[in-house]
Amino acid sequence: MEAASSCLSQSSYSYEDYKETADWLLANTKQRPKVAIICGSGLGGLAELLGDRNVFQYKDIPRFPISTVQGHAGQLVFGKLQGRECVCMQGRFHFYEGYNIHTVTYPVRVFFLLGVETLIVTNAAGGLNGSYNVGDIMLIKDHINMPGFSGQNPLCGHNDDRFGVRFPCMSDAYDGELRALAKQTAKEQSCDSFLQEGVYCMLAGPTYETIAECKVLQTLGADAVGMSTVPEVVVARHCGLRVLGLSLITNKVVTDYDSTEKANHEEVLRTTRHRTEDLQNLVSHLISKI
Ligand code: HPA
């Protein structure tokens, strides 16, 4: 048994690691959030809106991964949004930064052990769907786990039943009720004119896509492409959290060989700044209804 298990690729974390982190947080804050939010690139402003805040730097939280990237906030913010207690990750861990897939998803299991029931994920994404405009917000209705196709699935390895089943269902990954609530809230907040609903495809990055790759993704039925979110959603669904995903379409991908347009990080950040308030508005009003 010993010899067989040593041949298996293992998650670098045990149940006790996640538990130690969660217990430390529970001992250091009185808040008991039912909602967790993972803020995408440039979308961390949401955490600034929280009242009654308890802020923990990642480096001060036992066993929590450390943000090695310069300029990343790297903090967990507990607080109230529209009167509802939530916990917000300001700065996520990306696979392209060199973190392994278990580290990328570490916070999600901690959220589960804190008693969180709903996960809201936001990201910046490139628009593959020709009818999308820069600045649109896409409700994620499904995903394509491209790194998962090549074995980079965070659930590979030993399954711990205390988190979830060996073969979790993913056909209902993005909660239908939460999406309906988001559509209704978008109407009330006058955001519905730029709200879309579609399929998000994750690539490992950090390169943006070639023209040929974009054409492949369009053929596969993806509406938006990005470099995050999917591993966290897989782990969240494994442990039974309800998920709402929102992509901000920061650029349109290039699919024309004659085009002089080039995907670039500056454009992504510019659009994010432009729409960040609308996205924050949508999420905070939605939270009051969950
Ligand atoms: N491709 C991948 N990731 C992205 C993009 C893109 O065009 N825009 C923002 N994140």
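Everything below is about the structure printed above this text.
Residues numbered from 1 in each chain as written. Predicted model: local features only at pLDDT ≥ 70, side-chain atom pairs only at ≥ 80, totals over all residues. Heavy atoms only, no water.

Draft legend 1. Structural view of the overall build of the chain. Counting its secondary structure elements, the chain contains nine helices and nine strands. In terms of C-alpha radius of gyration, the chain reaches 18 Å, essentially the compact-globule figure of 19 Å for 290 residues. Dimensions along the principal axes, computed over C-alpha positions, put the chain at roughly 55 × 50 × 35 Å. Taking all 290 residues of the chain together, the buried fraction comes to 52%. Carbon and sulfur atoms make up 49% of the accessible area of the chain, which amounts to about 13000 Å² in all. One finds the centroid of the 26 positive side-chain charges in the chain at a distance of 4 Å from the centroid of its 32 negative side-chain charges. (Helix = DSSP H or I, 4+ residues; strand = E, 2+ residues; numbered from the N terminus. Rg over C-alpha atoms; globule rule 2.2 N^0.38 Å. Buried < 20%, exposed > 50% of the residue type's maximum accessible area, 1.4 Å probe, protein only. Areas by Shrake-Rupley, 256 points an atom, 1.4 Å probe, with all protein chains shown as cover. Lys, Arg positive; Asp, Glu negative; His and termini not counted. Charge placed at Lys NZ, Arg CZ, Asp CG, Glu CD.)

Draft legend 2. Looking closely at the pattern of salt bridges. As enumerated under the stated definition, the model contains 15 salt bridges in all. Between Asp60 and Lys59 there is a salt bridge, with its nearest N and O atoms 3.6 Å apart. Owing to a relative accessible area of 58%, Lys59 belongs among the exposed residues under this scheme. A network of salt bridges, in which partner residues are shared, links Glu16, Asp160 and Arg162. (Salt bridge = Lys/Arg side-chain N within 4 Å of Asp/Glu carboxyl O.)

Draft legend 3. Highlighting helix H2 (residues 15-28). Counted at 1.5 Å a residue, the expected span for H2 with its 14 residues is 20 Å, and the 20 Å between its end C-alpha atoms agrees. Looking at the packing, one finds that the buried side of H2 touches strand E2 (51-57), strand E3 (75-81) and helix H4 (106-114). (Expected span 1.5 Å × (residues − 1). Contact = heavy atoms within 4.5 Å.)

Draft legend 4. Expanded view of the nonpolar core. Core analysis: the biggest nonpolar cluster contains 46 residues, and Leu25, Leu76, Phe111 and Leu119 have the highest contact counts within it. If one sorts the elements of this core by residue count, H4 sits on top with six residues. Not counting chain neighbours up to four residues away, the residues in contact with Leu119 comprise Ala36, Ile38, Phe111, Glu232, Ala236, Leu241, Arg242, Val243 and Leu244. Grouped together as the second largest cluster of nonpolar side chains are 28 residues, Val35, Ile120, Ala182 and Leu244 included. (Core = buried A, V, L, I, M, F, W, Y, C linked by side-chain atoms within 4.5 Å.)

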